[in-house]
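Overview (structure and organization)
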Amino acid sequence: MSIYKPSEIEPRWQKYWLEKKTFKTPENHDRPKYYILDMFPYPSGSGLHVGHPEGYTATDILARYKRMMGYNVLHPIGWDAFGLPAEQYAVKTGTHPRITTEKNIIRFREQLQMLGFSYDWDREVDTTDPNYYKWTQWIFLKLFEMGLAYEDEQPVNWCPELGTVLANEEVIDGKSEVGGYPVVRRPMRQWVLKITAYADRLLEDLDGLEWPESTKEMQRNWIGKSIGAEIDFQVHQHDEKIRVFTTRPDTIFGATYMVLAPEHHLVEQITTAEQKAAVEAYREKAAQKSDLERQELTKEKTGVFTGAYAINPANNKAIQIWIADYVLAHYGTGAIMAVPGEDERDWEFAEMFDLPIVRTVQPPDDFEGKAYTEDGPSINSDFLNGLHITEAKQKIIEWLEKNGVGSKSVNYKLRDWLFSRQRYWGEPFPIIHVDGKPKAVPESELPVTLPEVDDFQPTKTGEPPLARAAEWIETTDPETGKKALRETNTMPQWAGSCWYYLRYISPDFDGGPVDKGEEKYWMPVDLYVGGSEHSVLHLLYARFWHKVLYDCGVVSTKEPFQKLVHQGMILGEVEYTAYEKDGKIISAEQADGDEGLKRVPLAESDVEKKGERFVMKGTEIVVDARAHKMSKSRGNVINPDDVVKKYGADSLRLYEMFMGPLEQVKPWSTKGVEGVNRFLNRTWRLFFGDGEEERLNVSEDEPTRDQFRVLHEAIKKVTDDIDGMRFNTGISALMIFVNEANQWKSVPRAVADPFVLLLSPFAPHIAEEIWNKLGHKESLAYEEWPQYSEEYLKSDIVEYPVQVNGKVRANIEVPADQAKNKDFVLGLAKQQKNVQKHLDGTTIIKEIFVPGRIVNLVVKPG
RNA sequence: GCCCGGGUGGCGGAAUUGGUAGACGCGUCGGACUCAAAAUCCGAUGGCAGCGAUGUCGUAGGGGUUCGAGUCCCCUCCCGGGUACCA
């Protein structure tokens, strides 16, 4: 019998594509190129989840479409395979992370192939492969040579639980991004990359990128450029100056006290004898606080007077110098001039400690707040009085510069990138220490491979696991023959993913990270798809490295990723939950806090919508109706393997694209998968009938005008929608075609062929199968994409809705040749019975006629 | 708090520059086929009133611009993401 059997069709075509290397990247450069990139996955032990195929299907559709449009397409995949889970598993079981990683990669590869993605499998990269990380190390050497990588003893985010330091970007709310463990500050020798040297370029070049505005904005905020001034305040009775950074130099006449960060280098020197004890105690306490504690205690300001005074250079008044932890040591100069009148934090502090407040900007009469941060004329500010912020700033900076007490200045929130980790499973640094100084390993000795160790834990003294490989550590400097020690830190996981998109271009090239000629052809990446969780971290780091490589002449573009799209998260199936307390079901609105609450899952049939909310059927008890993030603990994880087994890869692909806009967060629905699966079944029956025998239901007849119209409407819509990445509505157009075509006796070949091509990027297996059965010998992967013709889209009649006072009262059909004839259309419109009814007893005061669109008769009574 | 997104049927979501709100899919209801079920097919399906023609309300809420607003403007509420003493 004629039945659509994905389990039989799909593996067969997957094998065909692999064996024939159908998707091998063309090596010639004689066509336009399209580089379409997925964020490569970390091959975790739990395999692919349904989130992966979402972005991967979207890019696969585009890759297949672009090939049919005549582009040379580069569509690769690889493995971001260094990382913590494999290492933690190694610590627990002693299994070498390499073993775990290899195993996981095999699983991931199988899963991706099972979904029919058209990757060029000859270009796979693996960040843990020494042939790959050789070039990661090579790039690090470039950074080192350029003075962009340096060692520094600095307070770092130390995570005791993970046994490693973390970059600022990896710390969220004082906890580690991975695992959520507490993070404390602790000084340590670390490798740091000078990303701040590129702050301005990283900021400016965002403008030319086709990225989501929100992502660009996040990067802008993270870089945090602010323009202001640095001003020197003379310390009274000391030969010292305190330099502050401020964005509001115009408010200097309102600077009524100063605050230093507790760690500021002048604190000890200027503190008076009477205040010494208090200051010491405060500094002690601040040092002991973790970042988390510092944040938790932000509600109330704390601080201590140093006993010292500074002279405000604008008015020569002596003002108190305090220390307080609301001033951060690592931003600006670690010291501020406090202007409570125009700064909410300073106001709060001034109120707390009874310090003077002077307004220097006139608030509006009805202003009732405390600090006034908006614009207005300057007051109490001598020669600035009357000027608004912009002019006042300019004038005061001129004055500061003339008097040698300050100058214009720019500051960034962005800090240098902490680049070393105390881990085993990462790239070793190509660095040796000779006479206590770091020195580059010569390029000819790359890669510096990971040594074998017997234990993957940090040593008892807190040194990284590599410190266990004594023979590896002790080496000689090839240049001088002196004794040398290898660096025992390793690089963070971001290192490998900072440049992998370049390696795909020439994965076997051994003259550098990337072959220049190929790079020139393929770069930049035309479309990059991946999760928004990488908005700052990966995407900022990769841009930084790319710019460094640009400066060394390795790459020819300033930016790596021209267009970026984030796929939205797929949530679990919608769940209905009632809350039970003390054995009684209570309304979800009253259910706050966890005490004594029991969650009772309900079936969809037990609930109904009442107004804005869902309630238990027939009651007033409100229940929760929500989709949650998929998680093992919640037990709502959908495994792609199961979906493929039951419905096939084409159905999974189609469903994930049909759910809604790619960028949007959306809940999973197994019923929805069944829906698209039905569509594929209907498509199969359209071509092969539903009789006992499989019989090709395709005729050699010339299609009718109507059949052509149906086809060409589909071509237009599907083409536009793929171009605009609106895959959900594109699929809807394919469904409309099949629904229409199912009413025909048979499908004319001239319609059948193009339709199968339209379907193929979305559901490649079934499309190849039908294509083959239509008598084509070769894969359809490089067939020409169908073109639509306006000729067939024209209709013989044009429909006009007819409104009276903006309300539709009738629909009329006008022959196409009369459609733009206003008099004709209006005449016909007014004849309509229901229109006449509404015109009765009124006077037409205006006739709106929008050709091809609408008729609106504006009337008034009488 | 601040900065971005976003609120459309029972559900996921459609709707060119302002021009018939609810495409497509799910669900539900009715029918056909069947001994029966599944699968499939046909029909209906925003609410309210009406046998019906039709009327009326309706895109989070309130106001405005317009012949006409889901779409533009102002205010409020709710949800999601980011960020948090960055001077």
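Here the structure is a predicted model, which means the values were calculated and not measured.

Using the criterion set out here, one finds 53 aromatic pairs in the structure. Ring centres of W135 and W138 lie 5.8 Å apart, and the angle between their planes is 65°; this geometry places the pair in the edge-to-face category. Highlighted residues: W135 and W138, both in helix α5 (residues 130–145), separated by three residues, approximately one helical turn. The interplanar angle of 45° and the centroid separation of 5.2 Å between the aromatic rings of Y326 and F349 together place this pair among those described as tilted. Of the two residues, Y326 sits in the loop between β14 (318–323) and β15 (335–338) while F349 sits in helix α11 (residues 344–353), which places them 23 residues apart along the sequence. Note on accessibility: Y326 and F349 belong to one class, buried. Grouping aromatic residues by their ring pairs yields a cluster made of F140, F144, W191, Y198, W417, F419, F429, W494, Y541, F544 and W545. Above the face of the Y326 ring, K301 is positioned so that its terminal group lies 5.2 Å from the ring centre. Over the aromatic face of F688 sits the side chain of K773, whose NZ or CZ is 5.4 Å from the ring centroid.

In terms of domain boundaries, chain A breaks down into domain 1 (139–221 + 416–486), domain 2 (226–411), domain 3 (575–626), domain 4 (640–792) and domain 5 (795–861). One C-alpha centre belongs to domain 3, the other to domain 5; they are set 51 Å apart.

What follows is about the side chain of E54. Looking at where E54 falls in the secondary structure, it is placed in helix α2 (residues 51–68). Residues within four places of E54 in sequence aside, it is in contact with Q567, G568, I570, E656, M657, L662, Q664 and K666.

For the rest of this paragraph, the subject is the packing of helix α21 (residues 705–723) against helix α23 (residues 749–759). For the pair α21 and α23, the least separation of the axes is 10 Å and the interaxial angle reads 15°. Overall, the two elements α21 and α23 adopt an arrangement that is roughly parallel. Every pair of crossing elements has a handedness; the one defined by α21 and α23 is left-handed. Across the interface between the two elements, Q707, L711, A714, I715 and V718 of α21 pack against A750, V751, P754, F755 and L758 of α23. In terms of residue class, the contact of α21 with α23 is made up of nine nonpolar, one polar and no charged.

Lining the immediate environment of RNA strand B, one finds 52 residues, of which T247, K301, Y331, R345 and R853 sit closest. Per the 4 Å cut-off to the protein, sugar and phosphate atoms form 66% of the nearby atoms of RNA strand B. Separating a phosphate oxygen of RNA strand B from a side-chain N or O atom of Y331 is a distance of 2.4 Å. Top contributing element to the surface near RNA strand B by residue count: helix α22 (residues 727–741), with six residues.

In this structure, W668, F727 and F737 are the most contacted members of the largest nonpolar core, which totals 88 residues. Contacts of F727, omitting those with residues within four sequence positions, involve A58, I61, L62, M657, L662, D721, I722 and F762. Listed in part, the 82 residues of the second largest apolar core include L143, Y198, I431 and V453.

Pairing in this open sheet of four strands is antiparallel, and the strands run β6-β5-β9-β17 from one edge to the other. Each end of this open sheet is capped by a strand with a single partner; those strands are β6 (164–166) and β17 (417–418). Pairing analysis gives ten bridges linking strand β5 (residues 149–159) to strand β9 (residues 184–193), with the strands arranged antiparallel. Following the sheet pairing, Y150 is matched in β9 by V192. α5 rests against β5 and β9 of the sheet, and its axis sits at about 95° to β9.

On to helix α18 (residues 640–647), then. Where α18 is concerned, the buried positions are P640, V643, V644 and Y647. Looking straight down α18, one finds that the buried residues subtend no more than 100° of arc, so they occupy a single side. In α18, the exposed positions that point more than 90 degrees away from the buried face belong to K645 and K646. Regarding α18, its N-cap is N639, as a side-chain oxygen of that residue lies 2.8 Å from the backbone nitrogen of D641 further along. Directly after α18, the chain includes G648, whose backbone phi takes a positive value near 100°.

Strands in a sheet are paired, the pairing made by backbone hydrogen bonds, and the direction either parallel or antiparallel. Strands sit in the order β2-β1-β22-β23 across an open sheet of four strands; the sheet is parallel. One side of each edge strand has no neighbouring strand; the edge strands of this open sheet are β2 (72–74) and β23 (564–565). Where strand β1 (residues 33–38) meets β2, three bridges bridge the pair, whose relative direction is parallel. Residue pairing across strands places Y35 opposite L74, the latter belonging to β2.

Procedures and definitions
- Along each chain, residue indices are assigned from 1 in the same order as the chain's sequence is written.
- Working convention: letters from A go to chains and numbers from 1 go to ligands, in the order in which they are written.
- Side-chain atom pairs in this predicted model are given and counted only at pLDDT of 80 or more, local residue features only at pLDDT of at least 70, and totals for whole chains, interfaces and linings cover all residues.
- Think of the side-chain values as coming from all heavy atoms in the structure, minus any hydrogens and water.
- Stacked, tilted and edge-to-face are the three classes applied to pairs of Phe, Tyr and Trp rings, where Trp contributes its six-membered ring and a pair requires centres within 6.5 Å; stacked means planes under 30 degrees apart, edge-to-face means over 60, and tilted covers the rest.
- We count a stretch as a helix when DSSP gives it H or I for four or more residues in a row; a strand needs E for two or more, and each element gets its number in order from the N terminus.
- Think of it in three bands: residues with accessible area under 20% of the maximum for their type are buried, residues over 50% are exposed, and the middle band is partly exposed, with areas taken using a 1.4 Å probe on protein chains only.
- Only when the NZ atom of a Lys or the CZ atom of an Arg is both within 6 Å of the ring centre and within 35 degrees of the ring normal do we say a charge sits over the ring.
- The split into domains, and so the bounds of each, comes from an automatic or database assignment of domains.
- When checking whether two residues touch, look at their non-hydrogen atoms; a contact exists if any pair is within 4.5 Å.
- Axis definition: a line fit to C-alpha positions, over the contact stretch in the case of helices; interaxial angles, taken between N-to-C directions, run 0 to 180 degrees.
- If an angle is under 35 degrees, it is roughly parallel; if it is over 145, roughly antiparallel; if it lies from 65 to 115, roughly perpendicular; otherwise it is oblique.
- What makes a crossing left-handed is the near helix being turned counterclockwise from the far one by less than a right angle; a clockwise turn instead makes it right-handed.
- Classification convention: Asp, Glu, Lys, Arg as charged; Ala, Val, Leu, Ile, Met, Phe, Trp, Tyr, Cys, Pro as nonpolar; all other residues, Gly among them, as polar.
- Throughout, the term near means that a residue has one or more heavy atoms lying within 4 Å of the molecule or strand in question.
- Between N or O atoms, a polar contact is any pair within 3.5 Å; within protein, one atom must be a potential hydrogen donor and the other a potential acceptor, and residues adjacent in sequence are included only when both atoms are from side chains.
- Take the buried Ala, Val, Leu, Ile, Met, Phe, Trp, Tyr and Cys residues and link them wherever side-chain atoms come within 4.5 Å; each set so joined is a nonpolar core.
- Being paired, for any two strands, means DSSP has found at least two bridges between them.
- Within this analysis, the arc is defined by the directions that extend from the helix axis to the C-beta atoms.

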